[in-house]
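Residue-level structural notes
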Amino acid sequence: MIDEEFELRFPSSAKLYGRAAGCLPSGITHDSRNLKPFPIYIDRTDGAHKWDVDGNKLLDYWMGHGSMLLGYNHPEVMDAIHASLARGTHVCGCTEDEVEYAEMVQRLLPTAELVRFTMSGTESVLLAMRIMRAAKGKSGIIRFNGYYHGWHDAAAVGSQPPFDIPSSGGVPAEAAQSVISIPPNDIEAVRNVLDHSSDIAGVMIEPGGGANGVIRPDVDFLKALRKLTQERGVLLMFDEVITAFRYSLGGAQEYYGVMPDITTMGKIVAGGMPGGAVAGRKDVMGIMAFSGDKKRDRFERAAHAGTFNSILPIAAAGITTMKIIERGEAIPYANRAGETLRQGMRDVLKRRGVPGAVVGECSTYNAFLGEEIARGIEERDVETIMGARGPTAMLMRKAMLLEGVDWMRTGGMISIMHGDAELEFTINAFDQAIKRVQAEGAI
Ligand code: PMP
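What counts, and at which threshold
Residues numbered from 1 in each chain as written. Predicted model: local features only at pLDDT ≥ 70, side-chain atom pairs only at ≥ 80, totals over all residues. Heavy atoms only, no water. Helix = DSSP H or I, 4+ residues; strand = E, 2+ residues; numbered from the N terminus. Rg over C-alpha atoms; globule rule 2.2 N^0.38 Å. Contact = heavy atoms within 4.5 Å. Areas by Shrake-Rupley, 256 points an atom, 1.4 Å probe, with all protein chains shown as cover. Lys, Arg positive; Asp, Glu negative; His and termini not counted. Charge placed at Lys NZ, Arg CZ, Asp CG, Glu CD. Pairing = 2+ DSSP bridges. Axes fitted to C-alpha atoms, helices over the stretch in contact; angles between N-to-C directions. Core = buried A, V, L, I, M, F, W, Y, C linked by side-chain atoms within 4.5 Å. Buried < 20%, exposed > 50% of the residue type's maximum accessible area, 1.4 Å probe, protein only. Near = heavy atom within 4 Å. Polar contact = N/O pair within 3.5 Å; in protein donor to acceptor, adjacent residues only side chain to side chain. Nonpolar A, V, L, I, M, F, W, Y, C, P; charged D, E, K, R; others polar. Expected span 1.5 Å × (residues − 1). Phe/Tyr/Trp six-rings, centres within 6.5 Å; stacked < 30°, edge-to-face > 60°. Lys NZ or Arg CZ within 6 Å of the ring centre and 35° of its normal.

**Some remarks on the overall build of the protein chain**
A tally of helices and strands in the protein chain yields 19 helices and 14 strands. Since a compact globule built from 443 residues should have a radius of gyration of about 22 Å, the 22 Å found for the protein chain is in line with a globular shape. Across the protein chain, every contact between residues at least 6 apart in sequence was considered, and the portion connecting residues at least 24 apart equals 71%. When the accessible surface of the protein chain is summed, it comes to about 18,900 Å², and 52% of that surface belongs to carbon and sulfur atoms. Between the mean site of the 47 positive side-chain charges and the mean site of the 56 negative ones, the protein chain shows a separation of 2 Å.

What follows is the structure, given as structure tokens:
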């Protein structure tokens, strides 16, 4: 049985969980690491692998929650971080490093005329929402059911069903009031909100599809959204926390050929360090700039601070990562590997006669088991899709761990360190894990 074997394979994690539960809620530091009977505790990473506290070697698809397109501990990135540390971590002032960092983003992301660094993807979205509201002098933001934009209050509306109730306790009703979450890929729904409200500052969307592409993207919808927002004088924000420097060098905007007014970034932009960025058109980002006009600067300007924005090791990791990606081989390789992996898993489902769906684009994937979820994905039924990370998904994750693969709740991110041998190992592990889950009668 999966649970019994799991406890035998990961005894030190079980022990550590006993300690962790005494000092960390649920023994974890990120909700997505929640696992029953206990999460596994990791000691170190390298390339495409991680080693847990029992010394088990696991092939990894968390990849720094998507920040490690180059794999763990890329030597050039690590050297750059180490070299930066010799000058200090925080030099408490403006640096040439942050100028080079911003120029790098400007060069790669098509719509980045001005850039501001943050400390995470969540902060990037928080700031971009503020910028859109300040730039337009309006408060409403339209977003889409099931799409993920970080854990802050204003993004807690619309990410989990029921979509009109915030995804967390402790979110005041007022935080939700000016965020309007509507069904995705329905341009008439957007038009309807704009027809009935004159207080909409902008629209935000994951261009690669909701919840990292689990809700399939729709390029025609993106194009229609661009056209409609332009016509109505409403800003369009792409949340490219996952897709920037992954889907293509110029992110999802370049990949789909649809240009937003403002973009949020995180993960790869900071090369595995805690960082993020907001970039956009000069006239939009300009609302952050000091003008010297006291009244405007106090009452209209979008203010932003943050103790650790773009400190030396973050800038070093970000610049070096983007430089390596800019050489041109990383993204096409990871995208091809993504296609191989998704196809291999689809073949397994077919061969075993197991209903399910493998979704994803470029170097991301999610695999779901069961008829209901397969139908939900086919029909883009957001409620069904969002309910699919239940007990079967958790059992499958443990079965994958027993087969030597650690993926996020239902899938993960591919790096350049996932070579042919790793992809083959994964497809085989997927096959064997399904056999285990079938043996327990869960599918
Ligand atoms: N937006 C999107 C699209 C994301 O995928 C994430 C993180 N998975 C975030 C925002 C939040 O980023 P962070 O975890 O760095 O706060």
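**Observations concerning the sheet that holds strand β12 (residues 364-369)**
Across the sheet, three strands lie side by side as β11-β12-β14; this open sheet has antiparallel pairing. Two strands close off the open sheet at either side, each with one partner strand: β11 (356-359) and β14 (411-413). Pairs of neighbouring strands in the sheet enclose a mean axial angle of 5°, with direction left out of account. Relative to β14, β12 runs antiparallel, the two sharing three bridges. Counted as the bridge partner of Y365 is G412 from β14. The strands touched by helix α16 (residues 371-378) within the sheet are β11 and β12, with β11 carrying the most contacts at an inclination of about 45°.

**Notes on the sheet that holds strand β1 (residues 42-46)**
Here four strands make up an open sheet; going across it, the order is β1-β2-β3-β13 and the pairing mixed. Each edge of the sheet is formed by a strand with only one pairing partner; in this case those strands are β1 and β13 (405-406). When β1 meets strand β2 (residues 49-52), the two strands line up antiparallel, connected through four bridges. Bridging from a neighbouring strand, R44 pairs with W51 of β2.

**Things to note about the nonpolar core**
Y61, L341, M396, M400, W407, F430 and I434 are the most contacted members of the largest nonpolar core, which has 46 residues in total. If you list the elements that add at least two residues to this core, you get α1 (2-9), α2 (11-20), β3 (57-60), α15 (330-352), β12, α18 (391-402) and α19 (420-439). Of the residues forming this core, the biggest block, seven residues, is contributed by α19. One finds L194, V234, V258 and A357 within the second-largest nonpolar core, a separate group that totals 37 residues.

**Here we look at the site of the ligand**
In the neighbourhood of the ligand, the contacting residues comprise S120, G121, T122, Y148, H149, G150, E206, D239, V241, I242 and K267. D239 is positioned with one of its side-chain polar atoms (N or O) 2.7 Å from a nitrogen atom of the ligand. In this structure, K267 approaches the ligand through a side-chain N or O atom, which is 3.0 Å from a nitrogen atom. Expressed as a share of its isolated accessible area of 390 Å², the protein-covered part of the ligand is 81%. Partitioned by chemical class, the residues of the shell around the ligand number three nonpolar, five polar and three charged.

**Notes on α18**
Relative to the 16 Å expected for 12 residues at 1.5 Å per residue, α18 spans 17 Å between its end C-alpha atoms, a close match to the ideal helical length. For α18, the buried fraction is high: nine of the 12 residues fall into the buried class. Looking only at α18, the buried set comprises A393, L395, M396, R397, K398, A399, M400, L401 and L402.

**Points about the packing of aromatic side chains**
For the coordinates displayed, the defined rule picks out 11 aromatic pairs. On the basis of an interplanar angle of 85° and a centroid distance of 5.3 Å, the ring pair of Y61 and Y365 is categorised as edge-to-face. Pair noted here: Y61 is in the loop between β3 and α3 (63-66) and Y365 is in strand β12, with a separation of 304 residues, a long-range link. Ring pairing ties together the aromatic residues Y61, Y365, W407 and F430, which thus form one cluster. Its end group placed over the ring of W51, R44 keeps NZ or CZ at 4.1 Å from the ring centre.

**Concerning the pairing of β2**
Side chains of β2 alternate between two faces, with H49 and W51 and K50 and D52 buried alike. Once β1 ends, the chain turns through two residues before running back antiparallel as β2, passing G47 with a positive phi of about 60°. The pairing of β2 with β3 spans three bridges and is classified as antiparallel. The partner of W51 across the bridge, within β3, is K57. Between β2 and β3, which pair antiparallel and follow one another directly, the connecting turn spans four residues, one of which, G55, has a positive phi of 90°.

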